[in-house]
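Architecture and fold: a report
Here are the chains, one letter per residue:
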Amino acid sequence: MAAPGKVAAFRLPPLPTIGEIIKLFRLKALKQLSQNFLLDLRLTDKIVKQAGELKNAHVCEVGPGPGGITRSILSAGVEQLLLIEKDARFIPGLQILSEAAPGKVRIVHGDILTYKMEKAFPKHLKKNWEDEPPDIHIIGNLPFSVSTPLIIKWLENVSKRDGPFIYGRTQMTLTFQKEVGERLTANPGSNQRSRLSIMAQHLCTVENCFTIPGQAFVPKPEVDVAVVHFTPLVQPKIQQPFELVEKVVQSVFQFRRKYCFRGIETLFPENGRLKRTEQLMMTADVDPTLRPFQLSMSQFRNLCNVYRKMCDEDPSLFVFNYRDELRQKKKTRSLLGSTGQPEQTEEENQL
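About the criteria used
Residues numbered from 1 in each chain as written. Predicted model: local features only at pLDDT ≥ 70, side-chain atom pairs only at ≥ 80, totals over all residues. Heavy atoms only, no water. UniProt positions renumbered as here; feature names shortened; annotations may be inferred. Salt bridge = Lys/Arg side-chain N within 4 Å of Asp/Glu carboxyl O. Helix = DSSP H or I, 4+ residues; strand = E, 2+ residues; numbered from the N terminus. Buried < 20%, exposed > 50% of the residue type's maximum accessible area, 1.4 Å probe, protein only. Pairing = 2+ DSSP bridges. Right-handed = clockwise from strand over helix to strand, strands pointing away. Contact = heavy atoms within 4.5 Å.

- The protein chain is annotated in an unreviewed UniProt entry as rRNA adenine N(6)-methyltransferase of Junco hyemalis.
- The heading Subcellular location (unreviewed entry) in the UniProt record of the protein chain holds the text "Mitochondrion".
- For the protein chain, the Sequence similarities (unreviewed entry) comment in UniProt is given as "Belongs to the class I-like SAM-binding methyltransferase superfamily. rRNA adenine N(6)-methyltransferase family. KsgA subfamily."

1. Some points on the pattern of salt bridges
- Considering all chains together, one arrives at 13 salt bridges under this definition.
- Between Glu243 and Lys160 there is a salt bridge, with the nearest N and O atoms lying 2.7 Å from each other. Of the two residues, Glu243 sits in helix α8 (residues 242–252) while Lys160 sits in helix α5 (residues 144–160), which places them 83 residues apart along the sequence.
- Of the residues examined, Lys160 reaches a relative accessible area of 41% and is grouped as partly exposed.
- Put simply, Glu156, Lys160 and Glu243 are held in one network by salt bridges that share partners.

2. Brief notes about the pairing of strand β6 (residues 171–177)
- Across the 7 residues that make up β6, a large majority, 6, are buried.
- When strand β5 (residues 136–140) meets β6, the two strands line up parallel, connected through 4 bridges. Bridge pairing links Gly140 to Leu174 in β6.
- For the crossover from β5 across α5 to β6, the handedness is right-handed.
- As paired elements, β6 and strand β9 (residues 225–232) share 6 bridges and run antiparallel to each other. Within β9, the position partnered with Leu174 by the bridge is Val228.

3. Concerning the UniProt feature "binding site: S-adenosyl-L-methionine" (unreviewed entry) in the protein chain
- As recorded in UniProt, the feature "binding site: S-adenosyl-L-methionine" (unreviewed entry) lies at Asn36, Leu38, Gly63, Glu85, Asp111 and Asn141.
- Those residues in contact with Leu38 that lie beyond four places of it in its chain are Leu43, Thr44, Ile47, Gly68, Ile212, Ala216 and Phe217.
- Here Glu85 shows up in strand β3 (residues 80–85).
- Those residues in contact with Glu85 that lie beyond four places of it in its chain are Gly63, Pro64, Gly65, Phe90, Ile91, Leu94, Val108, His109 and Gly110.

4. Quick notes on the pairing of strand β4 (residues 105–109)
- As judged from the 5 bridges shared by β3 and β4, these two strands associate in the parallel manner. In the strand pairing of β4, Glu85 is matched with His109.
- Read from β3 through helix α4 (residues 91–100) to β4, the crossover connection turns out right-handed.

Quick look at the structure:
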């Protein structure tokens, strides 16, 4: 019995185990959806613990599946839990949890990639961007096929302060393949340093919390799984539009094993390419013989800032697409025949 004046901690009533739920509803992980179930509630508790203090918080869980992490979230004493599940087979099992926690759970049968998060939570939870993060959390054991496009989408939302970040600097605790988790947190000079490293770290504090061995999942994936926590920064490290930063970063990492100037060249049309590449690198004070993974965040910031000025002076630059130029060259080659036409370069073949 709770002490006078204190609210008793929320406890789920006795429920079928996750394994029993899977058997009861004849649930099977679908390989084409990259589904893997986590049945060990000690591990689901550990994931939820990384999200921070959840008592009386509002939480959105992405892809709850049979509901292992869902139970750990509810046991943490949340105020409200929104479950977004694409696979209709899991809905009946989640409804059992909803009935066990009256008034706390809302289930949405939908796709997180298209779900409008702007209206997911009460308006009174909104905080100014400069304030502490709101009492809102996103948690999810993401299918591998969805994790990268989803985090890129949410990083764009962070940059524009919309979607789930219309409420402020909403925190996220998500699972990824171990290799993707390493990329998200990789430092300059690391072989795992990639486009994902820059896009995530210039907008968020990113922490690789711990690794879950593959054998903890059913069915066992071929890789281990990383649990990664994101807290949006008050000020992004590169203060340019998301699309511009993404274009520059993507171009730099186009040829990650070559000198960085080879990728930066792809920002410019063939006519004047070399001159403009030299201008960008000199003005940004970036050594053209560095490899993409060696560049620091401040060097990426300089490249983005100088490229922005060049685009302001010549707006056609930003809409230029190197791949379109390659396609056009290939089309011209095929129309004219190979005679007298230069062969494709190694970079063109790679793209």
